[in-house]
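Residues per chain, in single letters:
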Amino acid sequence: MITENTKAILLLTSFFNSKETKEFKPLSVNEYGYFACWLNQNGYKPESLLDPNNLTDIWMKWELPLSHTKAKSMVNFSNLDTTIDAISDTRVNELLNRGFSLSISLENWQSLGGWVMDRSHPNYPKVFRGQLKHQSPAILFGIGNQELLQNASIGFVGSRDCDAKDNQATKAYVDAISQLGYQVVSGGAKGVDSDAMEHALKRGNNAIGVLADSLLKSSTTRQWRQYLKSNQLVLISPFYPGSRFTPANAMARNKFIYLLSQATIVVTSAEKGGTWSGAKENLQKAWVPLLVSSHKSPLQKGNNGLLTGQGLPKGYQLGIKVTPDMPTEQLLRHIKQALKPQASQSELGSTALAKASNKSESQQSMFEQDLFAQPELSAESEQESQTSRLSFKEQAMLKMEQASDAADKASNTEPASQVEPHKLLKAETNEVVGGHKSNSDSPAPSGEPEKSPSEDALEKIDVAAHKTDGQEPTPTLEHKPLQEQQTETPLLDYFYAQLVKKIQQATDQILDYQAIANAYPEFSIMGKKALENWLNHLIKQNKLIRPSTAKRYQLPKV
């Protein structure tokens, strides 16, 4: 059964048929990685996007720079602002409106025994989240025994163009690791990949195939079908089941073979191509020990380079030499010995590998860190680390929100969104004039909260920042006093209360869009669309009306 959250993630990140590849642009790995983090940090889940009632609030918050503060501090992508700019409400809505295509695709896939899992699924490999973090696959498509994803494996990689000696060496290594209790994980491609998987399956062992293309087609072939039925095999892919082969997909899937293994054996490699690139990436990032076969003389150029460093950048780890006739005990020692130095290479992105054992040990305990977790900070240090990266205006807005939250807890008054405009205006009688409250010497009326220190500080900052040559500051959103009536959207309610006054002061009691934009320069920071979203939201709540198609606004008649 597919959850609503999984459906939303599928709609955001996947194609459902070959025609869609020309019509839609699902979120990339980086785009979804950031968007998922942002949703989480702002109290939403992907499934929140499926409720039309949430969309306006989500996109209004998306336009606020402050809503991105924590997510940006957690996601360390290059060109992050470009990634954020690529995520728009129009694009996301187009992706979400493909419900019919999703239903047909899922029905077809599930009829063949296929399944889909997102990052919250208990069988989703924790090693993906632990190592790749926000770049871990949003969705895994698969068919077969998904519990095999938790078993200890040895990876097999090599060229498609392998000869009889390569095939013989592959089988010898499979026999050895099978005796040690490991299963095979490989890419399922012609050559070393499929030879290793098929030999393991024929001798009663298990295998994982990480496919770069045609998962749908591969799952129906005679080569794999019997082993899928016997629960010895699982085929997975981060790409939609009908995808075609591309070099980019093949390169992208290599990392998953390494991450699912305790060690990976390179049977044969040239000095270029997918096997070479994948091995280099593993050596650079020190994911798992790299065992390089030396079953030929002279060695293949790629094998030799991985052992000697020829053709590798300086500072890379080197592979470990193994041979097909090596005793299984010696092979196991190579794996165990390699785990310790690999784990100490923190500067290369080391991994906490599970200790190798004769039994298949679950990888579940390898990475318990939650995808969105970050180190605990004290309240003071967390606030300081967040505000230090903000501009003056963003700091002022943050303080306004903090003051609003404090007032929410202290006040039991009627929410502002349920109060008529004239009542909101009545609450503003104690307005700041020239930076000083008119009744500052008088105690707060009974039942009304006193001004908090953060409110007081915010007023002083705002007034000082906006004074020029001894003149009093011009009214802006930032240095108006906070409403004493608070809701879950204090900034929006505050904006509305001021807007009501401006409309009532206008000669014809109508304001056009440009006049509003000029009156609130804060929206030049948040973006033009933010102002449009706020005004449209107020119209939907019947707090504003547009008497014509022009962007002119007035209050509804009482």
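Each remark here, short or long, concerns the structure printed above.
How each quantity is defined
- Residues numbered from 1 in each chain as written.
- Predicted model: local features only at pLDDT ≥ 70, side-chain atom pairs only at ≥ 80, totals over all residues.
- Heavy atoms only, no water.
- Pairing = 2+ DSSP bridges.
- Helix = DSSP H or I, 4+ residues; strand = E, 2+ residues; numbered from the N terminus.
- Axes fitted to C-alpha atoms, helices over the stretch in contact; angles between N-to-C directions.
- Contact = heavy atoms within 4.5 Å.
- Polar contact = N/O pair within 3.5 Å; in protein donor to acceptor, adjacent residues only side chain to side chain.
- Buried < 20%, exposed > 50% of the residue type's maximum accessible area, 1.4 Å probe, protein only.
- Salt bridge = Lys/Arg side-chain N within 4 Å of Asp/Glu carboxyl O.
- Phe/Tyr/Trp six-rings, centres within 6.5 Å; stacked < 30°, edge-to-face > 60°.
- Lys NZ or Arg CZ within 6 Å of the ring centre and 35° of its normal.

Asks: It is not clear to me how the sheet that holds strand S2 (residues 139-144) should be interpreted in this structure. Could you clarify?
Replies: Remark on secondary structure: sheet strands pair via backbone hydrogen bonds, oriented parallel or antiparallel. The strand order across the open sheet formed by 9 strands is S1-S2-S6-S5-S4-S3-S7-S8-S9, and the pairing between neighbours is mixed. Pairing within the sheet leaves two strands with one partner each, and these edge strands are strand S1 (114-118) and strand S9 (320-322). The average undirected angle you get between the axes of adjacent strands in this sheet is 25°. Here 3 bridges tie strand S4 (residues 183-186) to strand S5 (residues 207-210), and the two strands are oriented parallel to one another. Bridge pairing links Val185 to Ile208 in S5. Here helix H11 (residues 192-202) sits on the sheet in contact with strand S3 (153-158), S4, S5, strand S6 (233-237) and strand S7 (263-268), set at roughly 145° to S3.

Asks: How do you make sense of the side chain of Ser186 when you look at a structure like this?
Replies: When you line up the elements, Ser186 lands in strand S4. In this structure the side chain of Ser186 is engaged in a polar contact, spanning 3.3 Å, whose partner is the side chain of Asp193. Not counting the four nearest positions on each side in its chain, Ser186 is found in contact with Phe156, Asp193, Met197, Ile208, Gly209, Val210 and Ile257.

Asks: Sorry, what's going on with unusual backbone geometry here?
Replies: Residue Pro298 is reached from Ser297 by a cis peptide bond, and omega for that bond is 0°. As for its position among the elements, Pro298 is in the loop between strand S8 (290-293) and helix H16 (301-308). Despite not being glycine, Lys133 has its phi angle at roughly 50°, a positive value. Note that Lys133 resides in the loop between helix H9 (126-132) and S2. Using a relative accessible area of 38% as the deciding quantity, one classes Lys133 as partly exposed. Even without glycine at this site, Ser214 takes up a positive phi of about 50°. Here Ser214 shows up in the loop between S5 and helix H12 (215-218).

Asks: Would you explain H11 in this entry?
Replies: The periodicity of an α-helix, 3.6 residues per turn, causes residues three or four positions apart to be oriented the same way. Most of H11 is tucked away, with 9 of its 11 residues classed as buried. By the burial criterion, the buried members of H11 are Val192, Asp193, Ser194, Asp195, Ala196, Met197, His199, Ala200 and Leu201. Phi turns positive one or two residues past the end of H11, at Gly204, with a value near 90°.

Asks: Looking at this model, I keep getting lost on the pattern of salt bridges. Mind explaining?
Replies: Pairing of side chains with opposite charge becomes possible as their charged atoms draw close. Going through the model one piece at a time under the given rule, you end up with 11 salt bridges. Among the salt bridges present, the one from Lys72 reaches Asp81, with a minimum N-O distance of 3.3 Å. For Lys72, a relative accessible area of 38% puts it in the partly exposed group. For Asp81, a relative accessible area of 47% corresponds to the partly exposed category.

Asks: Would you take a moment to explain the packing of aromatic side chains for this structure?
Replies: Any aromatic ring pair is given by two values, namely how distant the centres are and how the planes are angled relative to each other. Evaluated as defined, the whole model comprises 11 aromatic pairs. Geometrically, the ring pair formed by Phe15 and Tyr240 is edge-to-face, given 5.9 Å between the ring centres and 65° between the ring planes. Here Phe15, found in the loop between helix H1 (4-13) and helix H2 (20-23), pairs with Tyr240, found in the loop between S6 and helix H14 (247-259); they are 225 residues apart in sequence, far enough to count as distant. Given a relative accessible area of 21%, Phe15 falls into the partly exposed group. Looking at Tyr240, the relative accessible area reads 12%, which means it is buried. The ring of Phe24 carries Arg98 above its face, with NZ or CZ at 5.3 Å from the centroid. Its end group placed over the ring of Phe256, Lys255 keeps NZ or CZ at 5.6 Å from the ring centre.

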